[in-house]
Amino acid sequence: MNSRRNVLKSLITLPFVGGLFSKNELLAAETRHILSNIKKDYFKELGIRTFINAAGTYTSMTGSLMAQEVVEAINYGSHEYVNLDELHDKVGQRIAQLLNCEAATVSSGCFGAMSIAMAGVMCGKDPQKVKQLPNTEGLRNEVILQESHSIGYSQALTNVGAKLVKVKTAQELENAISEKTAMLWFLNANTENGDIKWEEFVRLGKKHNIPTFIDCAADVPPVENLFKFTEMGFDMVAFSGGKGLRGPQSAGLLLGKKTYIEAARLHTPPRGETIGRGMKVNKEEVLGMLAALELYLAKDHKAEWQMWETQIDLISNAAKSVEGVETIIHVPPHANHVPSLKIRWDENKVKISPNQLREILRNGSPSIETVGNNREVGITTWMMVPGQETIVAEKIQSILKEHAV
Ligand SMILES: *Cc1c(COP(=O)(O)O)cnc(C)c1O
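What counts as what
- Position labels on residues start from 1 in each chain and follow its written sequence.
- Since the coordinates come from a predicted model, pLDDT governs what is reported: local features require at least 70, and pairs of side-chain atoms require 80 or more to be given and counted, while whole-chain, interface and lining totals use all residues.
- Side-chain numbers come from the whole structure's heavy atoms, not from hydrogens or water.
- Residue types Ala, Val, Leu, Ile, Met, Phe, Trp, Tyr and Cys, when buried and joined through side-chain atoms within 4.5 Å, form a set referred to as a nonpolar core.
- In this scheme, a residue with accessible area under 20% of its type's maximum is buried, one over 50% is exposed, and one in between is partly exposed, where area comes from a 1.4 Å probe on protein chains only.
- Secondary structure elements are taken from DSSP: a helix is a run of H or I of four residues or more, a strand is a run of E of two residues or more, and numbering for both begins at the N terminus.
- Contacts are assigned to residue pairs with any non-hydrogen atoms lying within 4.5 Å of each other.
- Axis definition: a line fit to C-alpha positions, over the contact stretch in the case of helices; interaxial angles, taken between N-to-C directions, run 0 to 180 degrees.
- For this classification, under 35 degrees means roughly parallel, over 145 means roughly antiparallel, 65 to 115 means roughly perpendicular, and everything else is oblique.
- If you view the pair so one helix is near and one far, a crossing is left-handed when the near helix is turned anticlockwise from the far one by less than a right angle, and right-handed when it is turned clockwise.
- The pairing test for Phe, Tyr and Trp rings, Trp by its six-membered ring, is centres within 6.5 Å, and the orientation test on the planes gives stacked under 30 degrees, edge-to-face over 60, and tilted for anything in between.
- The near set for a molecule or strand comprises every residue that places at least one heavy atom within 4 Å of it.
- Throughout this description, a polar contact denotes any pair of N or O atoms lying within 3.5 Å of each other; where both atoms belong to protein, one of them has to be capable of donating a hydrogen while the other can accept it, and for residues adjacent in sequence the pair is counted only when both atoms sit in side chains.
- Residue-level accessible areas treat just the shown protein chains as cover; the underlying method is Shrake-Rupley with a 1.4 Å probe.
- Note on residue classes: Ala, Val, Leu, Ile, Met, Phe, Trp, Tyr, Cys and Pro are nonpolar, Asp, Glu, Lys and Arg are charged, and everything else, Gly too, is polar.

K.L.:
If you had to explain the nonpolar core to someone new, which residues and values would you point to?
P.N.:
Judged by nonpolar contacts, the single largest core of 48 residues is most densely connected at Ile95, Leu226 and Leu253. Per element, the largest residue contribution to this core is eight residues, and it comes from helix H14 (residues 283-298). Not counting residues within four places of it along the chain, the set of residues in contact with isoleucine 95 comprises Ala104, Val106, Leu253, Leu255, Leu290 and Leu293. Met122, Phe213, Ala217 and Ala264 belong to the second largest nonpolar core, which has 31 residues in total.

Below you can see the structure in the form of structure tokens.
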């Protein structure tokens, strides 16, 4: 039996536990219990710094932490052989059912989802075409996107041989469509920056019979986004597995129309002569991704949001208690849509720069990672282990105080 669960259960079923421990404290106790049961401390042995993630979901910081249920699914998967295609088929069907869309597959991250989807729309289901990538001779190989949506991640599209065609307006988009156009690509994070919004984008795709794709990598929460864009009519929707969903860092979800999901799958293992052969998702992570999704859908999202707000308030109040410090609490409209904090101060009153403060946090014990620049320190709490917000609040307050004149 799972001893952690028993410990937690016994804590939870204690008579007036609600009065004794907050939910955060329970979760922190849970983590301490997991850590105290570790047999081999790899990070310590290797001399690798671990840290409190007060920054957010960053690949460089290894994304998110998986829940025990996800780790259990991964562990479960490691004990038996299955047929990889059958596993992908059945897990894909299950995900499509859960998310109320036509089809789905577990991809190697959101980036991998983009690459195999792009390869899929360029080649259709023609095995000869599948083999020829990244040579796109004779294929529809252009993907149209808004200039303001062009960020580094569109490399996932060009990696498989596609050519980016950048436009600003709906009119420009329509003019850019030709017999070479394979896909229209939308970056949800930059929705506000572009002229063309979701519905119009979908409408243009349908009008010209070109499949539309939306990159929603960092777009849960809100949970509704898992349903919203397939329902709106986007032909393909991709999410990162290792961000808000807290699944395996190297997994992701590709949702959408059956024909495009099937075409994308033709570029993935076990098929060898494909551009996507290296974008393998092992059986353990396929299961881990499914477990993470199920867990996410069952979660009390309102309670979690309130927890984040309370955590952010705590850190904000601790920082603000120092003379000359001001804080801004905000929620980005798209991507990383969670309570977030900016801490700024008058450097005549607190004699340290934001980057210096971040460096002290990083070098402290425990080490704390934040985001920011020379104007402000940025904090989110959603990737922390609940309970760590207290440490972060105290640390920031004490460093600011120390440098106050
Ligand atoms: C993180 C991110 C990706 C890449 O996602 P992975 O799951 O790490 O492959 C792609 N697009 C955007 C907008 C992202 O934020």
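Here the narrative resumes.
K.L.:
Any chance you could break down the packing of helix H5 (residues 68-77) against H14 for me, citing the residues and the numbers?
P.N.:
Axes are the key here: two packed helices are described by the angle between their axes and the distance separating the axes. In the contact formed by H5 and H14, the axes pass within 8 Å of each other and the chain directions differ by 150°. With respect to their mutual orientation, H5 and H14 come out roughly antiparallel. Of the two elements, H5 crosses H14, and the hand of that crossing is right-handed. Of H14, the residues touching H5 (which contributes Glu69, Val70, Ala73, Ile74, Tyr76 and Gly77) are Lys283, Glu284, Leu287, Gly288, Ala291, Ala292 and Leu295.

K.L.:
Go over the packing of aromatic side chains with me, naming the residues and quoting the values.
P.N.:
The description of an aromatic ring pair uses the distance of the two centres, along with the angle that the planes make with each other. If you walk through the whole model with that rule in mind, you get eight aromatic pairs. Arranged with centres 6.1 Å apart and planes meeting at 80°, the rings of tryptophan 308 and tryptophan 382 form a pair that is edge-to-face. Residue tryptophan 308 is located in helix H15 (residues 301-320), and its partner tryptophan 382 is located in the loop between strand S13 (377-380) and helix H17 (388-402); the two are separated by 74 residues in the primary sequence. In terms of burial, tryptophan 308 and tryptophan 382 fall into one category: buried. Ring-pair connections join several aromatic residues into one group, and the members of that group are Phe186, Trp198, Phe201, Phe229 and Phe234.

K.L.:
I'd like a rundown of the site of the ligand, residues and numbers included.
P.N.:
Close to the ligand lie Gly109, Cys110, Phe111, Met114, Tyr153, Leu187, Asp215, Ala217, Ser240 and Lys243, which account for all nearby residues. The separation between an oxygen atom of the ligand and a polar main-chain atom of cysteine 110 is 2.8 Å. Between the ligand and the protein, one listed contact pairs an oxygen atom with a backbone N or O atom of phenylalanine 111 at 2.9 Å. Notes on the ligand: free accessible area 380 Å², of which the protein chains cover 86%. Here the shell around the ligand is composed, by residue class, of six nonpolar, two polar and two charged.

By themselves these figures say nothing about function.
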